[in-house]
Amino acid sequence: VQLVESGGGLVQPGGSLRLSCAASGFTFSRYDMSWYRQAPGKERELVATIASGGSSTNYADSVKGRFTIARDNAKNTVYLQMNSLKPEDTAMYYCNARRGAVFWGQGTQVTVSS
């Protein structure tokens, strides 16, 4: 099983980034997928979730209206489009797959700074 995140980097406040998570080794289309983040000295927090079929999404209040989670089951990939980024969005972002079993990626760093 592998979850490989990409797309992180340094961006100025107000900017955008698109994170990707490529999955392999399990039946991706059957799993709910989520993005979590963890800032230094803070607990890991749930950012967004998308159901296995893609019909249902949920977001943390702190990112509603700015972030969008999407998935492409044909490509075994989940995305997180992040707009209007703020310094408080700075964190390591992790991809998560859940259906009974839980899988995690290694994370991709997002830094929002001028």
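Draft legend 1. Geometry of the pattern of salt bridges. One pass over the full model with this rule turns up four salt bridges. Its salt-bridge partner being Asp-89, residue Arg-37 comes within 2.9 Å of it at the nearest N-O pair. One end of the pair, Arg-37, is in strand β4 (residues 32–38); the other, Asp-89, is in the loop between β8 (77–82) and β9 (91–99), and 52 residues separate them in sequence. A relative accessible area of 5% means that Arg-37 is categorised as buried. Judged by its relative accessible area of 0%, Asp-89 is buried. Residue Arg-66 pairs with Asp-89 through a salt bridge whose shortest N-O separation is 2.7 Å. Here Arg-66 is found in the loop between β6 (57–59) and β7 (67–72), whereas its partner Asp-89 is found in the loop between β8 and β9, with 23 residues between them in sequence.

Draft legend 2. Up close: the pairing of β9. With seven bridges connecting them, β4 and β9 associate as antiparallel partners. Residue pairing across strands places Met-33 opposite Ala-97, the latter belonging to β9. Sheet topology places β9 next to strand β11 (residues 108–112); three bridges connect them, and they run antiparallel. Looking across to β11, one finds that Met-92 is bridged to Gln-109. Taken together, the four bridges between β9 and strand β10 (residues 101–104) define a ladder with antiparallel strand orientation. In the strand pairing of β10, Arg-98 is matched with Val-102.

Thresholds, definitions, all that
- Residues numbered from 1 in each chain as written.
- Predicted model: local features only at pLDDT ≥ 70, side-chain atom pairs only at ≥ 80, totals over all residues.
- Heavy atoms only, no water.
- Salt bridge = Lys/Arg side-chain N within 4 Å of Asp/Glu carboxyl O.
- Helix = DSSP H or I, 4+ residues; strand = E, 2+ residues; numbered from the N terminus.
- Buried < 20%, exposed > 50% of the residue type's maximum accessible area, 1.4 Å probe, protein only.
- Pairing = 2+ DSSP bridges.

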